[in-house]
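The residues making up each chain are set out below.
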Amino acid sequence: MRTILILFTALLILSIPVSGQENKQNSKNKEQQKTRNHGQKEEEEDPNPFPLRKVEFGLNFGAYFANKYSANFYNGTPGNVNNVNYVMNTTTWYQNISLALGSIDTIFVDEEDGYPLDMHYKVAFSGGLFLRYNFNRKNSLFLQANYAQLRADDIVIISVDPNPYVSTLPVLYQAPIMGKEGRVMIDLGYQRSFPLKSRINLFIQGGVTMCYTQMIKSVFVVEGVEYNMVNIYGNQMYVPNTSQQTNTIYQNAFGFGGYLGVGAGIPLTNMFGLEPGFFTQYYPTNLEGYPDFKPSFGLYLRILMYFGPADDE
């Protein structure tokens, strides 16, 4: 009996360190599991699953809503550099228009009622290039250049003294009048981003704008014939059927102003993404006679490609 008691006591003493070691091991395993679970939770809550790229390049596609103010540059009024009177005062063109409209006396455009004074640009397609440098996920610099070709249409009312066998009252003829111009708009600015848990990245942009405007066409049309209101003959009178020298007329202008935009970045992969957005630009076109600052607007969809080293911040 005494021998059995001694052996039992010895086994009990030997089992104590083994039990302590097992408890220590279990505690270590639980701590490691807790750490893994915490890491997985942080990874699941990370709103930016893709690595940050320092440099991003994009292609812009959108619609441009130009302010109507400078569209009146193409309305043909005597105060504009390109005007209907220039055509009417050219003998050959005046005779052609008079014959086409069946006049036996005079044709003219009334200065008060004959000209469109509220011309508008049509909504234009715009496209361009975009470059952004990211300091971090919230602060960036961007540079972009976009091009849009604008068109403005309306009518000029020509008063015609008709053949008395046709009518004893003047006939009012509606002649389409049209202008075309191209604009290159360059924006340089700062972007502040607001990453969301849904992976969408909201942002606001602000900066400076430079607009280069080029007059392409300024005409009015009578019975399908276009009459150019731009004086390409200088001090010469137009003479038909001759090799008359013409001048290249540049009616271009630069305007500087401001840019403000908002949008949302939607990453698709770690190399590509989409950014829909809206912006406004405030600048003067500075076409002759139209110097005022006016706001224009645009909508776009940007296709982004990411370059540069990844920054897993």
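To be clear, the structure that these remarks concern was listed above.
Predicted model only: the values in this text are computed from it and were never measured.

Asks: Quick question: what am I supposed to make of the nonpolar core here?
Replies: Burial of nonpolar side chains together is a common tendency in soluble globular proteins. Counting residues in hydrophobic clusters, the biggest one holds 47 residues, and the most contacted among them are Tyr64, Val84, Val87, Ile97, Ile158, Phe220 and Val222. Ranked by residue count, the leading element in this core is strand 4 (residues 139-162), at 7 residues. Residues contacting Ile158, with those up to four places away along its chain left out, are Met88, Leu101, Ile107, Phe108, Val109, Val171, Leu172, Tyr173, Ala175, Phe220 and Val222.

Asks: How should I be thinking about unusual backbone geometry in this particular structure?
Replies: Phi is mostly negative for residues that are not glycine, and the peptide bonds are mostly trans. Even without being glycine, Glu223 reaches a positive phi, approximately 50 degrees. Within the element layout of this structure, Glu223 appears in the loop between strand 6 (201-222) and strand 7 (225-228). Judged by relative accessible area, Glu223 falls into the partly exposed class, the value being 49%. Not every positive phi belongs to a glycine, and Asn286 is a case in point at roughly 65 degrees. With respect to the helices and strands, Asn286 occurs in the loop between strand 9 (272-283) and strand 10 (294-311). Since its relative accessible area comes to 33%, Asn286 is described here as partly exposed.

Asks: Looking at this structure, I do not really get the pattern of salt bridges. What am I missing?
Replies: Here the idea is simple: oppositely charged side chains can pair when their charged atoms come close. Following the criterion strictly, the structure yields 8 salt bridges and no others. Residue Lys122 pairs with Asp153 through a salt bridge whose shortest N-O separation is 3.5 Å. Here the residue Lys122 occupies a position in the loop between strand 2 (103-109) and strand 3 (124-134), and Asp153 occupies one in strand 4, the gap between them amounting to 31 residues. On the basis of relative accessible area, Asp153 is assigned to the partly exposed category, the value being 28%. Through salt bridges with shared partners, a single network forms among Glu56, Arg132, Glu275 and Arg302.

Quick notes on the rules
One numbering rule holds for all chains: residues counted from 1, following each sequence as written. Totals for whole chains, interfaces and linings use every residue, but because this is a predicted model, local features are given only for residues with pLDDT of at least 70 and side-chain atom pairs only at 80 or more, for both listing and counting. The basis for every side-chain value is the complete set of heavy atoms in the structure, and neither hydrogens nor water enter the calculation. Within this scheme, the nonpolar core is defined by two criteria: the residues are buried Ala, Val, Leu, Ile, Met, Phe, Trp, Tyr or Cys, and they are joined through side-chain atoms within 4.5 Å. Residue burial is assigned from relative accessible area. The probe radius is 1.4 Å, only protein chains are included, and a residue is buried under 20% of its type maximum, exposed over 50%, and partly exposed in between. Note on conventions: DSSP H or I runs of at least 4 residues are helices, E runs of at least 2 residues are strands, and numbering of each starts at the N terminus. The contact rule is simple, with two residues in contact once any of their heavy atoms fall within 4.5 Å. Just to be clear on terms, a salt bridge is a Lys or Arg side-chain nitrogen sitting within 4 Å of an Asp or Glu carboxyl oxygen.

Keep in mind these numbers describe shape, not what the thing actually does.
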